[in-house]
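So you can see what is in the structure, the chains are spelled out below.
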Amino acid sequence: MFVDLMGKTRIKLALHVCSTRTSGKESPDSLAKTYIDRGYDAIALTDKWLYSKEDEIEGLKIISGCEYSTGSLEDGFDAYHIVGIGMTSDPEIPSAWQNMKKTAQSKAVEIVNMIKKSNGFAFVAYPAHNRNNADRLLDIGEFDGIEIYNSETEYGDADGGYAGELVDRLSLYGKETVLLASDGVNCYDGEEYRCAIMVEATDMDTKYILRALRQGKFYSTEGPEIHLERIGADKVRVICSPASKITFFAGVDGSGVKVIRGENLLEADYSIKDGERFVRAEVMDENGLMAWSNVIRFDELYR
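Computed from a prediction, not measured in an experiment: that's the story for all the values here.

What counts, and at which threshold
- The residue count restarts for each chain, going from 1 along the sequence in the order it is written.
- The model is predicted, so local features are restricted to residues of pLDDT at least 70 and side-chain atom pairs to those at 80 or more, both for listing and for counting; the totals for chains, interfaces and linings are taken over all residues.
- Here the side-chain values reflect all heavy atoms present in the structure, with hydrogen atoms and water set aside.
- Side-chain atoms within 4.5 Å are what join buried Ala, Val, Leu, Ile, Met, Phe, Trp, Tyr and Cys residues into a set we call a nonpolar core.
- Buried residues are those whose accessible area, probed at 1.4 Å on protein chains only, stays under 20% of the maximum for their type, while exposed residues exceed 50% and partly exposed ones sit between those limits.
- Only DSSP runs of H or I with at least four residues qualify as helices, and only runs of E with at least two residues qualify as strands; both kinds are numbered from the N terminus onward.
- For this analysis, residues touch if any pair of their heavy atoms sits within 4.5 Å.
- Definitions used for this entry: grid spacing 1 Å over protein atoms alone; cavity, a set of points where a 1.4 Å probe fits but cannot get out; pocket, an open set with protein on both sides within 12 Å along at least 5 of 7 lines; lining residue, one with an atom within 4 Å of a point.
- Grid points are joined across faces, edges and corners, and a volume is the space filled by probe spheres set on the points.
- Any residue that is not Ala, Val, Leu, Ile, Met, Phe, Trp, Tyr, Cys, Pro, Asp, Glu, Lys or Arg is counted as polar, Gly included; the first ten are nonpolar and the last four charged.
- Working convention for charge: Lys and Arg count positive, Asp and Glu count negative, and His plus the chain ends are omitted.
- Note on definitions: salt bridges are taken to be side-chain nitrogens of Lys or Arg within 4 Å of carboxyl oxygens of Asp or Glu.
- Whenever two N or O atoms come within 3.5 Å, that pair is a polar contact, provided that in protein one can donate a hydrogen and the other can accept it, and provided that, for residues adjacent in sequence, both atoms are side-chain atoms.

J.: Tell me what's going on with the nonpolar core, and back it up with residues and numbers.
T.: If you look at the biggest cluster of nonpolar residues, it comprises 34 residues, and the most contacted ones within it are Tyr-35, Val-238, Ile-246 and Phe-248. With six residues, the top contributor of residues to this core is strand 14 (residues 235-249). Not counting the four nearest positions on each side in its chain, Ile-246 is found in contact with Val-238, Cys-240, Lys-258, Val-259, Ile-260, Leu-265, Glu-267, Ala-268, Glu-282 and Val-283. If you look at the next biggest cluster of nonpolar residues, it comprises 32 residues, including Trp-49, Ile-115, Ile-140 and Ile-148.

Below is the structure:
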């Protein structure tokens, strides 16, 4: 745990981690040691189609988890990856659903529902890599979150890890979801151990962690701090660790974007314009490391 710039206690999490139990290249014991060395307070083991129950390894809290996939881009079908964490029991999603093609979307809906019935938190993984469409994602159920960034597919696909335009379109359509940055930790081509979820919490109990995640009380980062808060009826403010760029997003296709560049930037404000219903922010430090906020909505101004 650490105390952030705002005086709030936060815990450091990795929520999308695969081990040698499936597609990863390190054992659970080895992963635990590495994450402890890097200051993480807990991780979720999310091996593909292999449920990991809550546990403790080498003194590191292990949050229950699993990653499920259905569909196939290679064969011309929609593809979805859904990660479930914090389940109190195995959702018992049939292994026969793995990579089912013609029914990919309907199976994704059922996977989300089964994770949530097991009291879990369900999020969409690899959305940029899978070229997920906002309209189609709206139909796969009440997923809790989506990866705005995944370092594994960024490195493996040459710029295939960032899903900013997709999450902005979902926000424009009114979808309330939180934004996570994850690693996947499969390839070990430079993507490993880059991203963290910094959750506002003082209690390591999983139910409190999931509550904070659902409420958006966290930011995602490769290193910098970012805090986005509403400071008026139509204004937000970013407060951050020293940054070289602060970017606000309040629209899609390049509209509603404000970029501030400089040295040792510590804060910036954004006032929404007519018709803008949401704002989120990103910061970059002098080393090119990124941090991502969640979305603040302004729908009440246009009801």
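From this point, the narrative continues.
J.: Break down empty space enclosed by the protein for me, with residues and values.
T.: For the structure on display, the rule yields one cavity of 30 Å³ or more. Each pocket or cavity is described by its volume, and for the largest cavity that value is around 40 Å³. Around the largest cavity sit Ala-14, Leu-15, His-16, Val-17, Tyr-35, Ala-181, Ser-182, Asp-183 and Cys-195, which together line it. Considering each element in turn, the lining of the largest cavity owes the most residues, four residues, to strand 2 (residues 9-17). Residue classes in the lining of the largest cavity are distributed as six nonpolar, two polar and one charged.

J.: So what's going on with the side chain of Glu-147? Residues and values would help.
T.: Assignment of secondary structure puts Glu-147 in strand 9 (residues 145-150). Of the buried charged residues, Glu-147 lacks a salt bridge, with Lys-48 as the closest side chain of opposite charge at 10 Å. Polar side-chain contacts of Glu-147 include one of 2.7 Å to the side chain of His-16. Non-local contacts of Glu-147, meaning those with residues more than four positions away in its chain, are made with His-16, Phe-123, Val-124, Ala-125, Tyr-126, Pro-127, Ala-163, Leu-180 and Ser-182.

J.: Could you give an account of unusual backbone geometry, with specific residues and numbers?
T.: Despite not being glycine, Trp-49 shows a phi value in the positive range, around 55 degrees. Here Trp-49 is to be found in the loop between strand 3 (42-45) and strand 4 (55-57). Its relative accessible area of 15% is what places Trp-49 among the buried residues. Here Tyr-126, not a glycine, exhibits a phi torsion of approximately 55 degrees, which is positive. As for its position among the elements, Tyr-126 is in the loop between strand 8 (121-125) and helix 3 (134-137). A residue is classified by how much of its surface remains accessible, and Tyr-126, at 5% relative accessible area, is buried.

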